[in-house]
Amino acid sequence: MAEVRLEEVRKVYGNGHVAVHGATFSVDEGELVVLVGPSGCGKSTLLRMIAGLERITAGQLFLDGQRANDVPPRDRDVAMVFQHHALYPHMTVADNLAFGLKLRRYPKAEQRVRVRRAAEVLGLLDVLDRKPQQLSGGQQQRVALGRALVRKPRVFLLDEPLSNLDARLRVQMRTEIARLHRRLGATMLYVTHDQVEAMTLGRRLVVLRDGRIQQIDAPLALYHHPVNRFVAAFIGSPAMNFVEGRLVREGGGLCFREAGGPLAVPVPPGPPAGLVAYTDRAVVLGIRPEDLAVAGGPQRAGPTAEATLTLDVVEPLGNEVLVYARTPRQQLIARVPPQPLPAPGEPLHLALALDRLHFFDAETEEAIG
Ligand code: ADP
(Lines give C-alpha, C1' and ligand atoms only; values in the text may rest on other atoms or scores of the structure.)
Protein backbone atom coordinates (compact mmCIF):
# COMPACT_ATOMS: atom_id res chain seq x y z
CA MET A 1 0.00 0.00 0.00
CA ALA A 2 1.11 3.51 -0.64
CA GLU A 3 1.00 7.19 0.08
CA VAL A 4 -0.37 9.66 -2.48
CA ARG A 5 0.72 13.29 -2.48
CA LEU A 6 -0.32 16.15 -4.71
CA GLU A 7 1.51 19.45 -4.83
CA GLU A 8 -0.18 22.36 -6.58
CA VAL A 9 -1.68 20.02 -9.15
CA ARG A 10 -3.49 21.94 -11.85
CA LYS A 11 -5.61 20.85 -14.79
CA VAL A 12 -6.45 22.97 -17.79
CA TYR A 13 -8.49 21.15 -20.43
CA GLY A 14 -7.86 21.62 -24.14
CA ASN A 15 -10.70 24.15 -24.39
CA GLY A 16 -8.98 26.36 -21.79
CA HIS A 17 -11.28 25.34 -18.93
CA VAL A 18 -9.42 25.25 -15.61
CA ALA A 19 -10.90 22.22 -13.88
CA VAL A 20 -8.42 22.14 -10.97
CA HIS A 21 -6.60 25.23 -9.71
CA GLY A 22 -3.58 23.95 -7.82
CA ALA A 23 -4.59 21.15 -5.46
CA THR A 24 -2.30 20.21 -2.58
CA PHE A 25 -3.17 17.31 -0.30
CA SER A 26 -2.01 13.84 0.62
CA VAL A 27 -3.49 10.48 1.42
CA ASP A 28 -1.44 8.63 4.01
CA GLU A 29 -0.67 4.98 3.69
CA GLY A 30 -3.79 3.02 4.64
CA GLU A 31 -5.96 6.11 4.86
CA LEU A 32 -9.38 6.61 3.27
CA VAL A 33 -9.74 10.20 2.08
CA VAL A 34 -12.93 11.44 0.44
CA LEU A 35 -13.03 14.12 -2.26
CA VAL A 36 -16.41 15.78 -1.98
CA GLY A 37 -18.14 18.67 -3.68
CA PRO A 38 -20.99 19.44 -6.06
CA SER A 39 -21.04 18.11 -9.59
CA GLY A 40 -18.46 19.75 -11.84
CA CYS A 41 -16.09 20.84 -9.04
CA GLY A 42 -13.19 18.77 -10.39
CA LYS A 43 -13.35 15.58 -8.31
CA SER A 44 -13.19 13.12 -11.20
CA THR A 45 -10.53 15.16 -12.93
CA LEU A 46 -8.32 14.89 -9.83
CA LEU A 47 -8.89 11.15 -9.59
CA ARG A 48 -8.22 10.63 -13.27
CA MET A 49 -4.96 12.56 -13.01
CA ILE A 50 -3.87 10.29 -10.16
CA ALA A 51 -4.83 7.24 -12.21
CA GLY A 52 -2.90 8.60 -15.17
CA LEU A 53 -5.97 8.79 -17.41
CA GLU A 54 -5.65 12.56 -17.68
CA ARG A 55 -2.45 14.60 -18.08
CA ILE A 56 -1.41 16.87 -15.22
CA THR A 57 -1.04 20.39 -16.62
CA ALA A 58 1.19 21.67 -13.81
CA GLY A 59 2.24 20.63 -10.33
CA GLN A 60 3.49 17.32 -9.03
CA LEU A 61 2.03 13.96 -8.18
CA PHE A 62 3.95 11.61 -5.91
CA LEU A 63 3.15 7.94 -5.34
CA ASP A 64 5.14 6.60 -2.40
CA GLY A 65 7.40 9.61 -2.62
CA GLN A 66 8.24 9.01 -6.31
CA ARG A 67 7.23 11.65 -8.84
CA ALA A 68 4.57 9.98 -10.96
CA ASN A 69 3.38 12.69 -13.39
CA ASP A 70 4.85 10.88 -16.37
CA VAL A 71 4.43 7.28 -15.24
CA PRO A 72 2.05 5.46 -17.62
CA PRO A 73 -1.25 4.37 -16.02
CA ARG A 74 -0.46 0.67 -16.14
CA ASP A 75 2.76 1.19 -14.20
CA ARG A 76 1.18 3.27 -11.43
CA ASP A 77 -0.30 0.25 -9.72
CA VAL A 78 -3.54 2.03 -8.87
CA ALA A 79 -6.99 0.55 -9.45
CA MET A 80 -10.02 2.62 -10.23
CA VAL A 81 -13.67 1.72 -9.63
CA PHE A 82 -16.20 3.75 -11.59
CA GLN A 83 -19.83 4.66 -11.15
CA HIS A 84 -20.71 2.77 -14.32
CA HIS A 85 -19.05 -0.50 -13.57
CA ALA A 86 -18.95 -2.19 -16.95
CA LEU A 87 -18.94 -5.89 -16.18
CA TYR A 88 -18.61 -8.21 -19.15
CA PRO A 89 -22.13 -9.63 -19.52
CA HIS A 90 -21.09 -12.84 -21.26
CA MET A 91 -18.50 -13.73 -18.61
CA THR A 92 -19.08 -15.35 -15.25
CA VAL A 93 -18.34 -13.47 -12.06
CA ALA A 94 -15.13 -15.47 -11.68
CA ASP A 95 -13.99 -14.54 -15.19
CA ASN A 96 -14.94 -10.92 -14.65
CA LEU A 97 -12.85 -10.89 -11.51
CA ALA A 98 -9.92 -12.59 -13.21
CA PHE A 99 -10.04 -10.45 -16.35
CA GLY A 100 -7.46 -7.85 -15.32
CA LEU A 101 -5.12 -10.54 -14.05
CA LYS A 102 -5.42 -12.45 -17.31
CA LEU A 103 -4.55 -9.31 -19.25
CA ARG A 104 -1.48 -8.89 -17.10
CA ARG A 105 -0.59 -12.55 -17.70
CA TYR A 106 -0.69 -13.72 -14.12
CA PRO A 107 -0.24 -17.51 -13.81
CA LYS A 108 -3.55 -19.39 -13.75
CA ALA A 109 -3.04 -20.71 -10.22
CA GLU A 110 -2.32 -17.22 -8.90
CA GLN A 111 -5.45 -15.93 -10.67
CA ARG A 112 -7.56 -18.58 -8.96
CA VAL A 113 -6.16 -17.80 -5.52
CA ARG A 114 -6.69 -14.06 -5.89
CA VAL A 115 -10.20 -14.40 -7.29
CA ARG A 116 -11.16 -16.72 -4.46
CA ARG A 117 -9.76 -14.41 -1.83
CA ALA A 118 -11.54 -11.36 -3.27
CA ALA A 119 -14.79 -13.33 -3.54
CA GLU A 120 -14.41 -14.36 0.08
CA VAL A 121 -13.84 -10.79 1.27
CA LEU A 122 -16.76 -9.49 -0.77
CA GLY A 123 -19.21 -12.33 -0.08
CA LEU A 124 -19.31 -13.49 -3.70
CA LEU A 125 -18.24 -17.13 -3.26
CA ASP A 126 -21.74 -18.43 -3.98
CA VAL A 127 -22.16 -16.52 -7.22
CA LEU A 128 -18.79 -17.07 -8.92
CA ASP A 129 -20.41 -19.11 -11.71
CA ARG A 130 -23.20 -16.64 -12.43
CA LYS A 131 -23.36 -14.06 -15.18
CA PRO A 132 -23.69 -10.39 -14.15
CA GLN A 133 -27.37 -10.16 -15.13
CA GLN A 134 -28.13 -12.89 -12.59
CA LEU A 135 -26.84 -10.66 -9.78
CA SER A 136 -28.46 -7.96 -7.69
CA GLY A 137 -27.25 -4.38 -8.06
CA GLY A 138 -25.26 -4.66 -4.86
CA GLN A 139 -23.59 -7.89 -5.99
CA GLN A 140 -22.68 -6.31 -9.32
CA GLN A 141 -21.12 -3.42 -7.48
CA ARG A 142 -19.16 -5.86 -5.34
CA VAL A 143 -17.85 -7.57 -8.46
CA ALA A 144 -16.72 -4.18 -9.73
CA LEU A 145 -14.90 -3.63 -6.43
CA GLY A 146 -13.53 -7.16 -6.65
CA ARG A 147 -11.94 -6.46 -10.00
CA ALA A 148 -9.91 -3.74 -8.33
CA LEU A 149 -9.27 -5.88 -5.27
CA VAL A 150 -7.73 -8.87 -7.10
CA ARG A 151 -5.02 -6.61 -8.45
CA LYS A 152 -3.86 -5.75 -4.91
CA PRO A 153 -3.09 -2.22 -6.08
CA ARG A 154 -1.06 0.29 -4.10
CA VAL A 155 -3.99 2.70 -4.19
CA PHE A 156 -7.73 2.33 -4.74
CA LEU A 157 -9.48 5.17 -6.53
CA LEU A 158 -13.27 5.04 -6.28
CA ASP A 159 -15.30 7.43 -8.42
CA GLU A 160 -18.89 7.67 -7.16
CA PRO A 161 -19.04 3.87 -7.01
CA LEU A 162 -22.44 3.78 -5.33
CA SER A 163 -24.40 6.46 -7.12
CA ASN A 164 -26.17 3.98 -9.40
CA LEU A 165 -27.64 2.07 -6.47
CA ASP A 166 -30.91 2.78 -4.71
CA ALA A 167 -30.83 4.56 -1.38
CA ARG A 168 -31.04 1.48 0.83
CA LEU A 169 -28.38 -0.43 -1.06
CA ARG A 170 -26.15 2.61 -1.06
CA VAL A 171 -26.19 2.73 2.73
CA GLN A 172 -25.46 -0.99 2.91
CA MET A 173 -22.57 -0.79 0.43
CA ARG A 174 -21.22 2.24 2.24
CA THR A 175 -20.74 0.24 5.40
CA GLU A 176 -19.29 -2.61 3.33
CA ILE A 177 -16.71 -0.29 1.85
CA ALA A 178 -15.85 1.05 5.30
CA ARG A 179 -15.41 -2.52 6.52
CA LEU A 180 -13.38 -3.45 3.46
CA HIS A 181 -11.11 -0.50 4.03
CA ARG A 182 -10.55 -1.48 7.64
CA ARG A 183 -9.90 -5.07 6.71
CA LEU A 184 -7.47 -4.34 3.88
CA GLY A 185 -5.83 -1.33 5.47
CA ALA A 186 -5.76 0.00 1.92
CA THR A 187 -4.94 3.50 0.75
CA MET A 188 -8.18 4.76 -0.76
CA LEU A 189 -9.33 7.93 -2.40
CA TYR A 190 -13.09 8.08 -2.72
CA VAL A 191 -15.04 10.60 -4.78
CA THR A 192 -18.64 11.51 -4.08
CA HIS A 193 -21.00 14.47 -4.36
CA ASP A 194 -22.98 13.07 -1.42
CA GLN A 195 -21.93 14.75 1.79
CA VAL A 196 -23.49 12.05 3.98
CA GLU A 197 -21.49 9.37 2.19
CA ALA A 198 -18.40 11.53 2.56
CA MET A 199 -18.96 12.19 6.27
CA THR A 200 -19.61 8.55 7.12
CA LEU A 201 -16.75 7.06 5.10
CA GLY A 202 -13.84 9.46 5.28
CA ARG A 203 -11.44 9.96 8.12
CA ARG A 204 -10.55 13.13 6.25
CA LEU A 205 -12.53 15.01 3.64
CA VAL A 206 -11.23 17.30 0.93
CA VAL A 207 -14.03 19.73 0.10
CA LEU A 208 -13.89 21.13 -3.43
CA ARG A 209 -15.71 23.94 -5.15
CA ASP A 210 -15.12 25.11 -8.72
CA GLY A 211 -11.77 23.36 -8.89
CA ARG A 212 -10.48 24.86 -5.64
CA ILE A 213 -9.94 23.06 -2.36
CA GLN A 214 -11.98 24.80 0.31
CA GLN A 215 -11.04 22.83 3.40
CA ILE A 216 -9.38 19.55 4.37
CA ASP A 217 -10.39 18.16 7.70
CA ALA A 218 -12.06 15.41 9.69
CA PRO A 219 -15.85 15.20 9.22
CA LEU A 220 -16.79 16.69 12.57
CA ALA A 221 -14.16 19.42 12.33
CA LEU A 222 -15.73 20.46 9.02
CA TYR A 223 -19.14 20.36 10.59
CA HIS A 224 -18.27 22.42 13.63
CA HIS A 225 -15.60 24.70 12.18
CA PRO A 226 -16.32 25.33 8.49
CA VAL A 227 -13.86 27.84 7.05
CA ASN A 228 -16.48 29.49 4.88
CA ARG A 229 -20.15 29.69 4.06
CA PHE A 230 -19.82 27.20 1.21
CA VAL A 231 -18.47 24.44 3.45
CA ALA A 232 -20.97 25.36 6.16
CA ALA A 233 -23.83 25.00 3.68
CA PHE A 234 -22.52 21.89 1.95
CA ILE A 235 -21.83 19.79 5.05
CA GLY A 236 -24.91 18.92 7.09
CA SER A 237 -28.50 18.10 6.18
CA PRO A 238 -30.78 19.97 6.42
CA ALA A 239 -28.27 22.68 5.66
CA MET A 240 -27.19 25.37 8.09
CA ASN A 241 -29.55 28.37 8.22
CA PHE A 242 -28.10 31.67 7.05
CA VAL A 243 -29.40 35.10 7.92
CA GLU A 244 -27.99 38.29 6.43
CA GLY A 245 -27.66 41.29 8.71
CA ARG A 246 -25.29 43.50 10.70
CA LEU A 247 -23.36 43.35 13.92
CA VAL A 248 -24.18 46.32 16.12
CA ARG A 249 -23.20 47.46 19.59
CA GLU A 250 -26.10 47.24 22.03
CA GLY A 251 -26.20 47.61 25.82
CA GLY A 252 -22.44 47.18 26.15
CA GLY A 253 -22.36 44.02 24.03
CA LEU A 254 -22.57 42.92 20.42
CA CYS A 255 -25.84 42.02 18.79
CA PHE A 256 -26.69 40.60 15.38
CA ARG A 257 -29.66 42.29 13.68
CA GLU A 258 -31.34 40.73 10.66
CA ALA A 259 -31.39 43.01 7.60
CA GLY A 260 -34.99 44.09 7.02
CA GLY A 261 -36.35 41.58 9.55
CA PRO A 262 -37.05 41.25 13.26
CA LEU A 263 -34.35 38.76 14.26
CA ALA A 264 -32.04 40.11 16.97
CA VAL A 265 -29.45 37.76 18.39
CA PRO A 266 -27.15 38.89 21.22
CA VAL A 267 -23.58 37.65 20.92
CA PRO A 268 -22.45 36.01 24.18
CA PRO A 269 -20.03 38.11 26.29
CA GLY A 270 -16.34 38.01 25.43
CA PRO A 271 -16.60 37.55 21.65
CA PRO A 272 -13.33 36.90 19.80
CA ALA A 273 -11.48 40.00 18.61
CA GLY A 274 -12.03 38.89 15.02
CA LEU A 275 -15.76 39.23 15.49
CA VAL A 276 -15.57 42.53 17.37
CA ALA A 277 -13.76 43.94 14.33
CA TYR A 278 -16.99 43.42 12.38
CA THR A 279 -18.97 45.85 14.55
CA ASP A 280 -21.23 47.99 12.32
CA ARG A 281 -20.51 45.78 9.33
CA ALA A 282 -22.59 43.40 7.23
CA VAL A 283 -22.24 39.77 8.28
CA VAL A 284 -24.08 36.51 7.73
CA LEU A 285 -25.24 34.61 10.78
CA GLY A 286 -25.20 30.82 10.47
CA ILE A 287 -27.07 28.48 12.78
CA ARG A 288 -27.58 24.75 12.37
CA PRO A 289 -31.12 23.34 12.50
CA GLU A 290 -30.37 21.38 15.70
CA ASP A 291 -29.24 24.56 17.43
CA LEU A 292 -32.77 25.91 17.20
CA ALA A 293 -35.27 24.62 19.75
CA VAL A 294 -38.89 25.35 20.45
CA ALA A 295 -38.96 27.75 23.41
CA GLY A 296 -40.56 26.06 26.42
CA GLY A 297 -39.93 22.62 24.89
CA PRO A 298 -37.02 20.22 25.41
CA GLN A 299 -33.64 21.85 24.79
CA ARG A 300 -29.94 21.61 25.33
CA ALA A 301 -28.28 23.39 28.24
CA GLY A 302 -26.56 26.68 27.44
CA PRO A 303 -27.43 30.29 26.77
CA THR A 304 -30.25 30.95 24.32
CA ALA A 305 -32.05 33.89 22.79
CA GLU A 306 -35.70 33.74 21.84
CA ALA A 307 -37.13 34.82 18.53
CA THR A 308 -40.72 34.77 17.36
CA LEU A 309 -41.29 33.52 13.85
CA THR A 310 -44.27 32.19 11.93
CA LEU A 311 -44.59 28.44 11.68
CA ASP A 312 -44.70 27.38 8.05
CA VAL A 313 -44.41 23.63 7.56
CA VAL A 314 -43.90 20.68 9.90
CA GLU A 315 -42.19 17.49 8.69
CA PRO A 316 -42.44 14.68 11.24
CA LEU A 317 -39.68 12.12 10.67
CA GLY A 318 -40.52 9.87 13.62
CA ASN A 319 -37.55 10.37 15.91
CA GLU A 320 -37.40 14.08 15.13
CA VAL A 321 -39.38 16.84 13.51
CA LEU A 322 -38.21 19.38 10.95
CA VAL A 323 -39.94 22.68 11.55
CA TYR A 324 -39.87 25.37 8.87
CA ALA A 325 -40.49 28.84 10.25
CA ARG A 326 -40.14 32.25 8.69
CA THR A 327 -39.53 35.87 9.37
CA PRO A 328 -40.83 38.32 6.73
CA ARG A 329 -37.46 37.93 4.94
CA GLN A 330 -36.19 34.53 5.85
CA GLN A 331 -36.92 30.86 6.33
CA LEU A 332 -35.28 28.93 9.15
CA ILE A 333 -35.32 25.17 9.63
CA ALA A 334 -35.27 23.72 13.13
CA ARG A 335 -34.61 20.07 13.92
CA VAL A 336 -36.43 19.32 17.17
CA PRO A 337 -37.70 16.34 19.16
CA PRO A 338 -41.35 15.39 18.60
CA GLN A 339 -43.55 17.67 20.74
CA PRO A 340 -46.80 19.64 20.53
CA LEU A 341 -46.43 22.47 18.03
CA PRO A 342 -48.56 25.44 16.98
CA ALA A 343 -50.52 25.15 13.74
CA PRO A 344 -48.99 26.43 10.47
CA GLY A 345 -49.46 30.19 10.22
CA GLU A 346 -49.32 30.58 14.03
CA PRO A 347 -46.42 32.26 15.88
CA LEU A 348 -43.58 29.95 16.86
CA HIS A 349 -41.10 30.90 19.59
CA LEU A 350 -37.68 29.56 18.84
CA ALA A 351 -34.69 29.43 21.17
CA LEU A 352 -31.34 29.94 19.42
CA ALA A 353 -28.31 28.34 21.06
CA LEU A 354 -26.00 31.31 21.50
CA ASP A 355 -22.89 29.23 22.02
CA ARG A 356 -23.39 27.64 18.58
CA LEU A 357 -23.56 30.69 16.36
CA HIS A 358 -21.42 30.98 13.23
CA PHE A 359 -20.59 34.27 11.54
CA PHE A 360 -19.37 34.82 8.00
CA ASP A 361 -18.02 37.86 6.19
CA ALA A 362 -20.89 39.03 3.96
CA GLU A 363 -18.55 39.64 1.02
CA THR A 364 -15.77 37.05 1.16
CA GLU A 365 -18.05 34.48 2.87
CA GLU A 366 -15.14 33.44 5.08
CA ALA A 367 -15.83 32.39 8.64
CA ILE A 368 -15.17 35.08 11.24
CA GLY A 369 -13.44 34.49 14.56
P1 ADP B 1 -16.87 16.36 -10.94
O2 ADP B 1 -16.23 15.01 -10.97
O3 ADP B 1 -16.61 17.09 -9.67
O4 ADP B 1 -18.32 16.33 -11.29
P5 ADP B 1 -15.20 16.85 -13.26
O6 ADP B 1 -13.83 16.65 -12.76
O7 ADP B 1 -15.82 15.76 -14.05
O8 ADP B 1 -16.16 17.27 -12.05
O9 ADP B 1 -15.23 18.17 -14.16
C10 ADP B 1 -14.72 19.39 -13.68
C11 ADP B 1 -14.98 20.46 -14.72
O12 ADP B 1 -14.22 20.21 -15.88
C13 ADP B 1 -16.43 20.53 -15.18
O14 ADP B 1 -16.75 21.88 -15.37
C15 ADP B 1 -16.41 19.78 -16.49
O16 ADP B 1 -17.42 20.26 -17.35
C17 ADP B 1 -15.04 20.10 -17.03
N18 ADP B 1 -14.51 19.01 -17.88
C19 ADP B 1 -14.42 17.71 -17.59
N20 ADP B 1 -13.84 17.01 -18.57
C21 ADP B 1 -13.55 17.92 -19.56
C22 ADP B 1 -12.95 17.85 -20.85
N23 ADP B 1 -12.50 16.69 -21.34
N24 ADP B 1 -12.80 19.00 -21.54
C25 ADP B 1 -13.23 20.18 -21.05
N26 ADP B 1 -13.81 20.32 -19.83
C27 ADP B 1 -13.99 19.21 -19.09
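Look up: the structure comes first, before these words.
Residues numbered from 1 in each chain as written. Predicted model: local features only at pLDDT ≥ 70, side-chain atom pairs only at ≥ 80, totals over all residues. Heavy atoms only, no water.

Let's talk about unusual backbone geometry
The line we're drawing: The helix count covers DSSP runs of H or I at least four residues long, the strand count covers runs of E at least two residues long, and both are numbered beginning at the N terminus. Each residue is assigned to one of three classes by its accessible area relative to the maximum for its type, calculated with a 1.4 Å probe on protein chains only: buried under 20%, partly exposed between the two thresholds, exposed over 50%.
The linkage connecting Ser237 with the following residue, Pro238, adopts the cis geometry, with an omega of -5 degrees. Relative to the helices and strands, Pro238 resides in the loop between helix 8 (229-234) and strand 11 (241-250). One non-glycine residue, Glu8, lies in the positive phi region at around 50 degrees. Relative to the elements of secondary structure, Glu8 occurs in strand 1 (residues 4-12). Despite not being glycine, Glu160 has its phi angle at roughly 45 degrees, a positive value. As for its placement among the helices and strands, Glu160 is situated in the loop between strand 7 (155-159) and helix 5 (167-184). Since its relative accessible area comes to 10%, Glu160 is described here as buried.

Here's the deal with the packing of aromatic side chains
For clarity, the threshold we go by: Only the six-membered ring of Trp is used, alongside the rings of Phe and Tyr, when aromatic pairs are assigned; centres must lie within 6.5 Å, and planes under 30 degrees apart are stacked while those over 60 apart are edge-to-face, with the rest tilted. Two conditions define a charge sitting above a ring: the NZ of Lys or the CZ of Arg must be within 6 Å of the ring centre, and it must be within 35 degrees of the ring normal.
Per the counting criterion, the structure on display carries four aromatic pairs. When the centroid spacing of 5.8 Å and the interplanar angle of 10 degrees are considered together, the rings of Phe230 and Phe234 count as stacked. You can see Phe230 and its partner Phe234 sitting in helix 8, four residues apart, about one turn around the helix. Of the two residues, Phe230 and Phe234, both sit in the buried class. The ring of Phe62 carries the charged tip of Arg5 above its face, separated from the ring centre by 4.5 Å. The positively charged end of Arg229 is found above the aromatic ring belonging to Phe242, 4.5 Å away from the centroid.

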